[in-house]
Amino acid sequence: MVEMSGSQALIHALEKEGTTIVFGMPGGANLPMYDELTRSNIRHVLVRHEQSAAHMADGYGRIKRKPGVCFATSGPGATNLVTGIGTAYMDSAPMVAITGQVPRAMIGRDAFQECDIIGICTGITKYCFQPRSAAEIPEIVKKGFYLAESGRPGPVLIDIPKDVQQEVSDVTFPELIRIRGYSPHVDPDIDQVARAVELLLKAERPMIMAGGGVHISCAFHELQALAELLMIPVVTTFKGKGAFPENHPLALGPIGMHGHAEANKLIIESDVLLAIGARFSDRSVGKFDEFGQAMKIIHIDIDPAEIGKNKQVDVPVVGDVRASLRALVKMLTKRVAKKGGDCPWLKHINEVRESMKSVYKDHPREITAKKSLKKLRELLPSEAIVTTEVGQCQMWTSLFFDIIQPGTFFSSTGLGTMGFGFPASIGAKAAKPEVPVVDIAGDGSFNMTENSLAVTVNDNLPVIVFLMNNQSLGMVAQWQRLFYNRRYIGIDLKGGPDFVKIAEAYSAQGIRAQSMDELDKAIRTALKSDVATVIDIPIDPEEDVFPFVAPGTGLKDMITAA
Ligand SMILES: Cc1ncc(C[n+]2csc(CCOP(=O)(O)OP(=O)(O)O)c2C)c(N)n1
């Protein structure tokens, strides 16, 4: 037992959890914890808006597979974090958000900068804590980290009243904690694995659907071993993009609203679907009732609440994805030798893949989103980390940018948060400074959090913004073109800004690329730069994303052109 203040206890507890970096902004209600940071080796990254602090912590956490930490003051500081916390929640990203709160005696009195951040965040966190004494802080921090990173990861909020930060008390730092009613199911039930094995061995047209759970549990090797053992083709959800190398002969790419045409066509022809760490979201499977009527489904997920939530399945396997895949591969290896690639199903897959090539048309302009992304892939090393904003830029990435090295791609797939990609890429760069990090962006999204350019320069986190600039909210414009008879409203961004000048104003680098030649040079220059680079690529505002599964329809109704 040692005597210390609540703030000291907090920072010491964070250090004990291995925290080396915190993204945030100070204010009246969290100044004591900031003051304590001055006596710690934890690096502080000052953001220009707390939403970006949460996205940076999120990006950091997704790459490290450990909670990223963000700090904000009470009231507006805390509410500014909310979009970032919600984004992490919807994508099961580990995060610990720490907010200052007004002193205990002021809570509930509409004090200056008071808000009920616990009430606000309850539905978008795994858990919220509010320590009422300094002595509680070490155990709460330990529980917070454990909750955030175990089982199905997610954000945890710790809201600390200012006087609790200042209170001096005897504190102890527990080595072990127990949370009543919470014990994630890691090892799968072997009987369920055996049932899955039987189904897979009987399948004539098997398919794997890999979701975000494969990334979270780092089960890339196990997934590839299983696919290659039984020669099963692999589609991914968008969250699962890059869980399986997209240049592998068995890879069919993402399914769903902007999935690959061949993936959308073939998944519904399969007779046994092995869904791994996926939640059958509407974006991935289209109409719930229509999807998977004629197939048997095996569903592996660590979260029992996912089983049967969107889709009734035949064989549920509750457990960590990696542990479950290992058990599956072990059992299968005893039963079968590695299959060859000459079965009728794989022949059919290859025929469909060939026939679908004509679906991917390009726009008649020298520089297009599709060509730009292919060029980026050509020049970017496979270990580079790629994130995206939201809109057409995200969907073009789904279609035209192959992830070669598993675990190098993430995006806001659940909440669909514009403005996520750039700060998240900065968090990823902090987690892995040795690799290039690129945010594939649209102008509308980048506009939302572009002030993080200051962070890239001041904190030496040089990322690349690959800005496909159609001077509009392109995705919305495409929907207005397709579904509202071209009645455009609220999509025009022609007023700018000039993103090259914006980059330069922050002492970053801005390059405009108006031809494929200029783009080639710009990417090479950006990769060598020691400051962030914004590559502004003017594209046609009417370049659409196809193929497309319209909302409320099934995968079979995919539209391939306007
Ligand atoms: C925070 C937020 N507000 C609104 C939306 C709705 N929305 C989805 S895509 C989109 C347009 C995105 O435009 P831009 O970033 O320029 O990308 P583009 O579609 O042009 O590639 C909008 C407004 C959203 N997803 N997130």
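Look up: the structure comes first, before these words.
Summary of the structure given here. (Residues numbered from 1 in each chain as written. Predicted model: local features only at pLDDT ≥ 70, side-chain atom pairs only at ≥ 80, totals over all residues. Heavy atoms only, no water.)

### Examining the site of the ligand
For clarity, the threshold we go by: Any residue with at least one heavy atom within 4 Å of a molecule or strand is counted as near it. We define a polar contact as two N or O atoms separated by no more than 3.5 Å, with the added condition that, inside protein, one atom must be a possible hydrogen donor and the other a possible acceptor, whereas residues neighbouring each other in sequence contribute only through side-chain atom pairs. Only the protein chains shown count as cover for residues, and the accessible areas themselves come from Shrake-Rupley with a 1.4 Å probe. Counting from the N terminus, the helices are the DSSP runs of H or I reaching at least four residues and the strands are the DSSP runs of E reaching at least two. Each residue receives one of three labels: charged for Asp, Glu, Lys and Arg, nonpolar for Ala, Val, Leu, Ile, Met, Phe, Trp, Tyr, Cys and Pro, and polar for the others, Gly being one of them.
Near the ligand, the surroundings consist of 16 residues, among which Gln 392, Gly 416, Gly 444, Ser 445 and Gly 474 are the closest. In this structure, an oxygen atom belonging to the ligand sits 2.9 Å away from a side-chain N or O atom of Asn 470. The contact in question runs from an oxygen atom of the ligand to an N or O atom on the backbone of Met 475, over 2.8 Å. If the ligand stood free it would expose 590 Å²; the protein chains cover 76% of that surface. At the level of secondary structure, the elements contributing two or more residues to the shell around the ligand comprise helix H16 (392–400), helix H18 (443–449) and helix H20 (474–483). Grouping the constituent residues of the shell around the ligand by class yields six nonpolar, nine polar and one charged.

### Looking at a nonpolar patch on the surface
Let me state the cut-off plainly: Exposure above 30% relative accessible area and the lack of any salt bridge qualify a residue for a patch; like charges then connect within 9 Å, and the nonpolar side chains Val, Leu, Ile, Met, Phe, Trp and Tyr within 5 Å. Within this document, salt bridges are pairs made up of a side-chain nitrogen of Lys or Arg and a carboxyl oxygen of Asp or Glu, the two lying within 4 Å of each other. Burial classes follow relative accessibility: with a 1.4 Å probe on protein chains only, a residue under 20% of its type's maximum area counts as buried, one over 50% as exposed, and anything between as partly exposed.
Where nonpolar side chains cluster on the molecular surface, the patch consists of Tyr 89, Met 90 and Leu 415 and spans about 240 Å² of accessible area. Relative to the helices and strands, Met 90 is located in helix H4 (residues 76–90). Taking relative accessible area as the criterion, Met 90 reaches 31% and is therefore assigned partly exposed.

### Some details on the packing of aromatic side chains
To be explicit about the condition: A pair of aromatic rings is counted whenever rings of Phe, Tyr or Trp (Trp by its six-membered ring) have centres within 6.5 Å, and the orientation is called stacked for planes under 30 degrees apart, edge-to-face for over 60 and tilted otherwise.
Within the structure shown, the criterion is met by 13 aromatic pairs. Taken together, the ring pairs connect Phe 422, Phe 446 and Phe 499 into an aromatic cluster.

### Section: the sheet that holds strand S15 (residues 385–388)
Basically, it comes down to this: Only strands joined by at least two bridges in the DSSP assignment are considered to pair.
Reading across from one edge, S16-S15-S17-S18-S20-S19 is the order of the six strands in this open sheet, with parallel pairing throughout. Across the chains shown, the open sheet's two edge strands, defined by having one partner strand only, are strand S16 (409–410) and strand S19 (509–512). Inspection of the sheet shows S15 paired to strand S17 (residues 437–442) by four bridges, in the parallel sense. Within the sheet, the bridge partner assigned to Val 386 lies in S17 and is Val 438.

### Here's the deal with unusual backbone geometry
With an omega of 10°, the peptide bond running from Gly 496 to Pro 497 counts as cis. Turning to its location among the elements, Pro 497 is positioned in the loop between H20 and helix H21 (499–505). Residue Pro 547 follows Phe 546 across a cis peptide bond; omega there is 0°. By secondary structure assignment, the location of Pro 547 is in the segment after strand S20 (533–538). Even without a glycine there, the phi angle at Asp 110 is positive, about 55°. The exposed category is assigned to Asp 110, whose relative accessible area is 73%.

### Digging into helix H22 (residues 516–528)
Worth spelling out the cut-off: Here the expected length of a helix is defined as 1.5 Å per residue gap, with one fewer gap than residues. It is the directions from the helix axis to the C-beta atoms that the arc portrays. Residues are treated as being in contact if the distance between any of their heavy atoms lies within 4.5 Å.
Taking 1.5 Å of rise per residue, 13 residues should cover 18 Å, and H22 covers 19 Å from first to last C-alpha, within 8% of that figure. Along H22, the positions that sit buried rather than exposed are Met 516, Leu 519, Asp 520, Ala 522, Ile 523 and Ala 526. Down the axis of H22, the sector holding all buried residues measures 165°, keeping them to one side. Across from the buried face of H22, at angles greater than 90 degrees, the exposed residues are Asp 517, Lys 521 and Lys 528. In this structure, the buried side of H22 is in contact with helix H15 (369–379), strand S18 (464–469), S19 and S20.

### Quick word on the environment of Ile 177
Residue placement: Ile 177 occurs in the loop between strand S8 (168–171) and helix H8 (190–202). Residue classification places Ile 177 among the partly exposed residues on the basis of a relative accessible area of 21%. In sequence terms Ile 177 and Ile 140 are 37 residues apart; their C-alpha atoms lie 9.4 Å from each other. Leave out the neighbours within four places in its chain, and Ile 177 touches Glu 139, Lys 142, Lys 143 and Tyr 146.

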